[in-house]
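# Per-entry structural report
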Protein chains: 2
Amino acid sequence: MGRAPGAETDDAFSDRPRSTGPARLADVALAAGVSVATVSNVLNWPGKVGAATTERVRQAMEALDYVPHEGAARLRRGSSRSIGLVLPDVANAFYAHMARGAADAAFDHRYTLILCDSADDAEREEGYLAMLAEQRAAGAVVAPLGADTARLLRLRRRGVRLAVVDRAEPTTQSCSVSVDDVRGGRLAVEHLLALGHRDIALVNGALSIRQCADRYEGARQAVAHRPDVRLRQVNVDTMDAASGRAATAGLSGAAAPTAVFGTNDQLAIGVTQALLGGGRRVPDDVAVVGYGDLEIAPYGPVPLTTVAQPVYELGRAAVELMLDEIDQGDRHVHRAKVFAPELVVRQSAPAPR
Amino acid sequence: MGRAPGAETDDAFSDRPRSTGPARLADVALAAGVSVATVSNVLNWPGKVGAATTERVRQAMEALDYVPHEGAARLRRGSSRSIGLVLPDVANAFYAHMARGAADAAFDHRYTLILCDSADDAEREEGYLAMLAEQRAAGAVVAPLGADTARLLRLRRRGVRLAVVDRAEPTTQSCSVSVDDVRGGRLAVEHLLALGHRDIALVNGALSIRQCADRYEGARQAVAHRPDVRLRQVNVDTMDAASGRAATAGLSGAAAPTAVFGTNDQLAIGVTQALLGGGRRVPDDVAVVGYGDLEIAPYGPVPLTTVAQPVYELGRAAVELMLDEIDQGDRHVHRAKVFAPELVVRQSAPAPR
DNA sequence: CTGTTAGCGCTTTCAT
DNA sequence: ATGAAAGCGCTAACAG
């Protein structure tokens, strides 16, 4: 009971429900004839309130169509229960699947996910990072654009926890998740080796891209102690089907390889298209392996054997590492989680007989 | 826990900068030797503060690494500047591109996007809607799971503005954006007609799906006054490549159609695969048209002619309609924005000679 | 078990 | 041009 029964007019109006806007905690308290503390308790500490009171409060909430004001609760409580997902392009299948994993993990832990699409623009990425600090996001999962992590560190100094995706960070700085691309490259070439191929061409992107360099390294490792195997590399600027087709032009004639490993699926499909267009059969004349397994692989001219990355898991794991850091606070120790890619065998390079 | 207003010593300590946590407005004010109001003004009403004062305040902010607390500002200001994006699955290319459009629009207007992936689960969708109400999101852009819009309406009654994607809503309820699937179906079949085909098979999903029914209707319209044309329909349960291949089995033999319209690209590629596997040439023996143009179309066995949907624009427009509603308030009138799909001509059904 | 009350960090009249 | 003070809606001591 908030007011004296015989009080003057002013007081009589003072804790009336507001005529406008949604119901507040105080409105519910008034309607149920209890204090705001009690209403707050039925929401947050159900055990602390008697059954009869709880019931009255619930009914009042129902009647007033009360919706708790999360923002106000946060401000008071000091914690935020929301995390940012910063990535270069959700429309890209790789990041889309990652986002799905992150969204699921966030949902499981009742966290809110703020989508920050940096559109491959460093300035925009920076802007989002600042925004997340202003929102007091509990943390951010970032698939960074460049190698420059200085900005990221600044974020953490501002109280926003960090987890980095798709880039093996030194564990001292923050948690990270990534895929073992060296292993992926090795898997692909080992498969071709098992198929009996001794002349393999690697159609790759620029080696300045970490993923490309790693996949090459894996390929190299696979043939390291095999002097009987020839491994050549053709590098292209853009990793798309057109480049794959163009690269294949240089790989025909008498000295053509018997197998091609394209370091992404677009490239590999381009290669396949050019091969078929040139009258060669896949896999009978030339085997092809790709990398990625996102959407297009099974739909190519020949269903593509390719290296699959657990990208959904990448997103999920990143969020989970971040939540651990949020929960554990100082006790948390940063970890670098590395996922193993897997070979998906389809027709372009079938299983060894 | 607060300070005693009368106690001198206590008071002397009372507005010292906190040793812990990030700097607050009050800390900046103290450091700059001004009041909190002035600091707030340099942030929000730069014109109201003198140049010299402004400079001192800026320096103090810099020195303390001050980051405004958006949440607190919102609570006080009463507005939220964040919107929810509720969709069935970001990993799906259709929604991924939509999300990108929504993210870009939100960014342009300095709004925060909350990603809500309902995972094709009505209960989860419902949970997100409730969450958005608790966050006091200014609005929500929803690509709804089912036809049941009752829940959606409840959201609006709670003050969350609404825009619906991918479902032509009556304009009286809320804004909506969608693609004209009837037109899309017509485009596809008209193209086949122009190519001279007179026996066309439609490989379609269940007609209970609005999109499928609309695309069929479009196809029907295209042949309405053409008694010389035969249009048959084969319906499949799941709209994937396997179903496309299976459906093609029933379309061979002497009475086989000369053209096939698959109502999504997976289906169309499945059809193409089966056709090629059966020794028929595409497009020479049979022309194929798909629907969607998301990722896989150009990579198929034969680059696929297909109906493209402006799905990025869908997401962008939905957010923009919603923001208009937020800005305009009562003056806003709901609109149903319908986008026109376009035919993308590739090899599986080339341009008429 | 329930109520009183002091803020969370900020914006915004209303004085000066 | 600047400052004092009153909250926004809620949580959490603390007191009864």
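First, a word on what this report is: a plain description of the structure on this page. (Residues numbered from 1 in each chain as written. Chains lettered and ligands numbered in written order. Predicted model: local features only at pLDDT ≥ 70, side-chain atom pairs only at ≥ 80, totals over all residues. Heavy atoms only, no water.)

## Details of the sheet that holds strand 10 (residues 305-308) of chain B
Residue and element names in this part refer to chain B. Formally: In this analysis, strands are considered paired if DSSP registers two or more bridges between them. Numbering of helices and strands starts at the N terminus; helices are DSSP runs of H or I of at least 4 residues and strands are runs of E of at least 2. Under this scheme, a helix contributes an axis fitted over its contacting stretch, all axes are lines through C-alpha atoms, and angles between N-to-C directions fall in the 0 to 180 degree range. Only heavy atoms matter for contacts: two residues are in contact if any of them lie within 4.5 Å across the pair.
Pairing within the open sheet is mixed, and its 6 strands lie in the order 7-6-8-9-10-12. Both outer strands of the open sheet, strand 7 (230-235) and strand 12 (342-344), are each paired with one neighbouring strand and no more. Taken pair by pair, the neighbouring strands of this sheet meet at an average axis angle of 20°, ignoring direction. Of the pairings in the sheet, the one linking strand 6 (residues 199-204) to strand 8 (residues 259-262) comprises 4 bridges and is parallel in character. Across the sheet, residue Val 203 finds its bridge partner in strand 8, namely Gly 262. Against the sheet, helix 10 (residues 210-222) touches strand 6, strand 7, strand 8 and strand 9 (287-292), its axis set at about 170° to strand 6.

## Looking at the relation of the copies chain B and chain A
Note that the two copies of the chain are related through a rotation about an axis and a translation along the same axis. Using the following cut-off: Alignment of the copies relies on least squares applied to C-alpha atoms, considering only residues that score at least 70 for pLDDT in both.
For these two chains of identical sequence, chain B goes onto chain A by a turn of 180° and a shift of 0.0 Å along the axis, with RMSD 0.1 Å. These values place the two chain copies in the arrangement generated by a two-fold rotation axis. Identified as the residue of chain B closest to the rotation axis by C-alpha distance is Pro 301 of chain B, at 1.8 Å. The fraction of interface residues of chain B whose copies in chain A are also interface residues reaches 100%, indicating that both copies meet through the same surface.

## Some points on the environment of Asp 181 of chain A
Residues and elements named next belong to chain A. When you line up the elements, Asp 181 lands in helix 9 (residues 181-194). Linking Asp 181 and His 109, residues 72 residues apart in sequence, is a C-alpha distance of 30 Å. Apart from the residues within four sequence positions on either side, Asp 181 is in contact with Arg 210, Gln 211, Asp 214, Arg 215, Tyr 291 and Gln 309.

## Some points on the pairing of strand 9 (residues 287-292) of chain A
Residues and elements named next belong to chain A. To keep it simple, the criterion reads: In this scheme, a residue with accessible area under 20% of its type's maximum is buried, one over 50% is exposed, and one in between is partly exposed, where area comes from a 1.4 Å probe on protein chains only. With the strands pointing away from the viewer, any crossover whose connection runs clockwise from the first strand over the helix to the second is right-handed.
Counting buried residues along strand 9, 6 of its 6 residues qualify, which places the element largely inside the surrounding structure. Judged from the 3 bridges that link them, strand 8 (residues 259-262) and strand 9 form a sheet pairing that is parallel. Among the inter-strand pairings, Phe 261 is bridged to a residue of strand 9, identified as Val 289. In terms of handedness, the path from strand 8 via helix 12 (residues 265-277) over to strand 9 forms a crossover that is right-handed. Two elements, strand 9 and strand 10 (residues 305-308), share 4 bridges in a ladder whose sense is parallel. Each bridged residue has a counterpart across the sheet, and for Val 289 the counterpart in strand 10 is Thr 305.

## What about the protein's contact with DNA strand D?
Heads up, the condition is: Any residue with at least one heavy atom within 4 Å of a molecule or strand is counted as near it. For this analysis, a polar contact is any N or O atom pair within 3.5 Å, provided that within protein one partner can donate a hydrogen and the other can accept it, and provided that sequence-adjacent residues contribute only side-chain to side-chain pairs.
Residues in contact with DNA strand D amount to 26 residues; listed here are only the nearest, Leu 25 and Tyr 66 of chain A together with Thr 38, Thr 53 and Arg 76 of chain B. Within 4 Å of the protein, atoms of DNA strand D come from sugar and phosphate in 67% of cases. At a separation of 2.4 Å, a phosphate oxygen of DNA strand D approaches a polar side-chain atom of Tyr 66 of chain A. If you list the elements that add at least two residues to the surface near DNA strand D, you get helix 3 (36-44) and helix 5 (70-77) of chain A together with helix 3 (36-44) and helix 5 (70-77) of chain B.

## Considerations on the pattern of salt bridges
Going by this rule: Any carboxyl oxygen of Asp or Glu within 4 Å of a side-chain nitrogen of Lys or Arg constitutes a salt bridge here.
For the structure shown, the criterion picks out 38 salt bridges over all chains. The salt bridge involving Asp 89 of chain A is made with Arg 100 of chain B; its shortest N-O contact spans 2.9 Å. Residue Asp 89 of chain A is found in the loop between strand 1 (82-87) and helix 6 (93-108), and its partner Arg 100 of chain B is found in helix 6 (residues 93-108); the two belong to separate chains. Across this residue pair, the class does not change: Asp 89 of chain A and Arg 100 of chain B are buried. For the salt bridge of Arg 124 of chain B with Asp 104 of chain A, the shortest nitrogen-to-oxygen distance reads 2.7 Å. Of the two residues, Arg 124 of chain B is situated in helix 7 (residues 122-134) and Asp 104 of chain A in helix 6; the pairing between them involves two chains. Across the pair, Asp 104 of chain A and Arg 124 of chain B agree in class, each one buried. One network of salt bridges, with partners in common, ties together Asp 89, Asp 117 and Arg 124 of chain A together with Arg 100 and Asp 104 of chain B.

## Notes on the interface of chain B and chain A
Using the following cut-off: A quick way to say it: buried area is the sum, across both parts, of accessible area lost when two parts are put together, with a 1.4 Å probe.
Listed as interface residues are 45 residues of chain B and, on the opposing side, 45 residues of chain A. Contact between chain B and chain A buries roughly 4,200 Å² in total, counting both sides, with carbon and sulfur atoms accounting for 60%. If you look at where chain B meets chain A, you find 6 salt bridges. It is helix 6 of chain B that contributes the most residues to the side of chain B that touches chain A, 7 residues altogether.

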